[in-house]
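Chain residues, written in single-letter form:
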Amino acid sequence: MHDVIVRVHAAGFTPGELDWPATWYDRAGHDRTPSIPGHEVSGVVAELGHGATGFSVGQRVFGLADFTRNGAFAEYVAVEARNLAPLPSDVDHTTAAALPISGLTAWQGLFDHGRLASDQTVLIHGVAGAVGSIAAQLAREAGARVIGTGRSSHRERAGELGVDTFLDLETEKLEEIGAVDLVFDLIGGEALDRSAPLVRSGGTLVTITRPDVQPVDGRSVFFVVEPDRARLSDLADRLRTGKLHPPVSTVRPLAEAPIALAPGTRARGKTIIRVHEN
């Protein structure tokens, strides 16, 4: 009910999603194996379920499939209509499939939870990654100063993103950057622990990794990304106008999806699975 059957052209995924409980259990906690991964989807509407509105058969769409249901590493996937947005004709499916989780996570972390405003300073841990690179672009567009962290090999990418200051967490002292209005943590671990004292009074620490770190005189928010049709449309407009560039690094055919999901496989940017040709 309210489902849209999407003929999948391209699908994205989050590394480590095979470790998520939602990959193997439904909302009621019942085992749902075998499970199909990949919850970022771009394709064409093949069929509309009862009560599904806002779309038509043959329309190009992209969006976020429910984590507790089968994903988009398949020729067709059922997605709740409210989790999809129209895909402009001049945005290719490969690029669109890189956007739902990364783009929504970046937006929600920066603005919905972090309340980032112009002229503020944000520290983004993992700035060269799939979420971090989009967050850096959005923060710069909003008029914020961006400090990014990562490995030394990420410095060049950070420069391409317009990051104002980059720190190699292995060789440079995080504490020397001074106070920031917002910490957006995408990697957790020691970097997250060391970041709490950097949040200035009234500032915010936002993390997707764990909820147990609290600034002395600020807010702490742990969140999981949520679908948002209107925001997906906004992000798609940024793709069309060249304001946003998702970091697609590798495109593999569906037959190679197990390779992309294999433990230890690392890619700089998003790996996209191509299912049907455009």
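Refer to the preceding data block for the structure.
Anyway, here's the lowdown on the structure attached to this text. (Residues numbered from 1 in each chain as written. Predicted model: local features only at pLDDT ≥ 70, side-chain atom pairs only at ≥ 80, totals over all residues. Heavy atoms only, no water.)

Formed by 42 residues in total, the largest nonpolar core has its most connected members in Phe-62, Leu-110, Leu-116, Val-122, Ile-124, Leu-138 and Phe-184. Of all the secondary structure elements, the ones that give two or more residues to this core are strand 3 (60–64), helix 3 (100–113), strand 6 (121–125), helix 4 (130–141), strand 9 (180–185) and helix 7 (229–240). Look past the residues within four positions of Ile-124 in its chain and what remains in contact with it is Gly-132, Ala-135, Ala-136, Val-146, Ile-147, Gly-148, Thr-149, Phe-184 and Leu-186. Judged by nonpolar contacts, the second largest core, of 22 residues, contains Val-4, Val-45, Phe-55 and Ala-257. (Core = buried A, V, L, I, M, F, W, Y, C linked by side-chain atoms within 4.5 Å. Buried < 20%, exposed > 50% of the residue type's maximum accessible area, 1.4 Å probe, protein only. Helix = DSSP H or I, 4+ residues; strand = E, 2+ residues; numbered from the N terminus. Contact = heavy atoms within 4.5 Å.)

Now for the packing of aromatic side chains. Under the criterion given, the structure shown has 3 aromatic pairs. Ring centres 4.5 Å apart and planes at 55° place the aromatic pair Trp-107 and Phe-111 in the tilted group. A residue pair is termed a helical-turn pair when its members lie 3 or 4 positions apart in one helix, as Trp-107 and Phe-111 do in helix 3 at 4 residues. By relative accessible area, which is 12% here, Trp-107 ends up buried. (Phe/Tyr/Trp six-rings, centres within 6.5 Å; stacked < 30°, edge-to-face > 60°.)

One open sheet accounts for 6 strands, arranged 8-7-6-9-10-11; its pairing is parallel. The open sheet is flanked by strand 8 (165–168) and strand 11 (219–222), the only strands paired with a single partner. Across this sheet, the average inter-strand angle for adjacent strands is 15°, counted without regard to direction. Pairing geometry for strand 7 (residues 145–150) and strand 8, over 4 bridges, is parallel. Of the residues in strand 8, the one forming a bridge with Thr-149 is Leu-167. (Pairing = 2+ DSSP bridges. Axes fitted to C-alpha atoms, helices over the stretch in contact; angles between N-to-C directions.)

What follows concerns the packing of helix 3 against helix 7. Helix 7 packs onto helix 3 with a crossing angle of 105° between their chain directions and a minimal axis gap of 10 Å. For the element pair helix 3 / helix 7, the angle class is roughly perpendicular. Here Pro-100, Gly-103, Leu-104 and Trp-107 of helix 3 come into contact with helix 7, specifically with Arg-231, Leu-232, Leu-235 and Arg-238. Looking at the contact of helix 3 with helix 7 residue by residue, the class counts come to 5 nonpolar, 1 polar and 2 charged. (Parallel < 35°, antiparallel > 145°, perpendicular 65-115°, else oblique. Nonpolar A, V, L, I, M, F, W, Y, C, P; charged D, E, K, R; others polar.)

Summed over all chains, the structure comprises 17 salt bridges. A salt bridge links Arg-210 to Asp-212; the nearest nitrogen and oxygen atoms lie 2.6 Å apart. Residue classification places Asp-212 among the exposed residues on the basis of a relative accessible area of 57%. Linked by salt bridges that have partners in common, Arg-27, Asp-66, Glu-80 and Arg-82 make up one network. (Salt bridge = Lys/Arg side-chain N within 4 Å of Asp/Glu carboxyl O.)

A few words now on the pairing of strand 7. Of all the 6 residues making up strand 7, 5 are buried; the element is thus mostly covered by neighbouring parts of the structure. Of the strand pairs in this sheet, strand 6 and strand 7 are connected by 5 bridges, and their pairing is parallel. If you follow Thr-121 over to strand 7, its bridge partner there is Arg-145. Following the backbone out of strand 6, through helix 4 and into the adjacent parallel strand 7, one traces a crossover that is right-handed. In this view, the connection linking strand 7 to its parallel neighbour strand 8 by way of helix 5 (residues 155–160) has right-handed handedness. (Right-handed = clockwise from strand over helix to strand, strands pointing away.)

Turning our attention to the pairing of strand 1 (residues 3–12). Among the 10 residues that make up strand 1, 8 are buried, leaving the element largely enclosed by the rest of the structure. For strand 1 and strand 4 (residues 76–80), the ladder comprises 5 bridges, and the chain directions are antiparallel. When the bridges of strand 4 are listed, Val-4 appears paired with Val-79. Sheet topology places strand 1 next to strand 2 (residues 40–48); 8 bridges connect them, and they run antiparallel. Residue Val-4 lies in a different strand from strand 2, and its bridge partner there is Leu-48. Here strand 1 pairs with strand 13 (residues 270–274) via 3 bridges, running antiparallel. By the bridge assignment for strand 13, Ala-10 is matched with Arg-274.

Quick look at the side chain of Asp-168 now. Locating Asp-168 in the fold gives a position in strand 8. Buried and unpaired, Asp-168 has no salt bridge, with Arg-155 as the nearest side chain of opposite charge at 5.0 Å. Looking at Asp-168, its side chain comes within polar contact range of the main-chain nitrogen of Glu-170, at 2.9 Å. If we skip the residues at most four places from it in the chain, Asp-168 touches Gly-150, Arg-151, Ser-152 and Arg-155. (Lys, Arg positive; Asp, Glu negative; His and termini not counted. Polar contact = N/O pair within 3.5 Å; in protein donor to acceptor, adjacent residues only side chain to side chain.)

In a regular helix each residue adds 1.5 Å, so 12 residues correspond to 16 Å; helix 4 covers 17 Å between its end C-alpha atoms and thus fits that length. Judged by how many residues are buried, helix 4 sits mostly within the fold: 10 of 12 residues are covered. Looking at helix 4, one finds that the buried residues are Ala-130, Val-131, Gly-132, Ser-133, Ile-134, Ala-135, Ala-136, Gln-137, Leu-138 and Ala-139. Positioned one or two residues after helix 4, Gly-143 has a phi angle of 90°, which is positive. (Expected span 1.5 Å × (residues − 1).)

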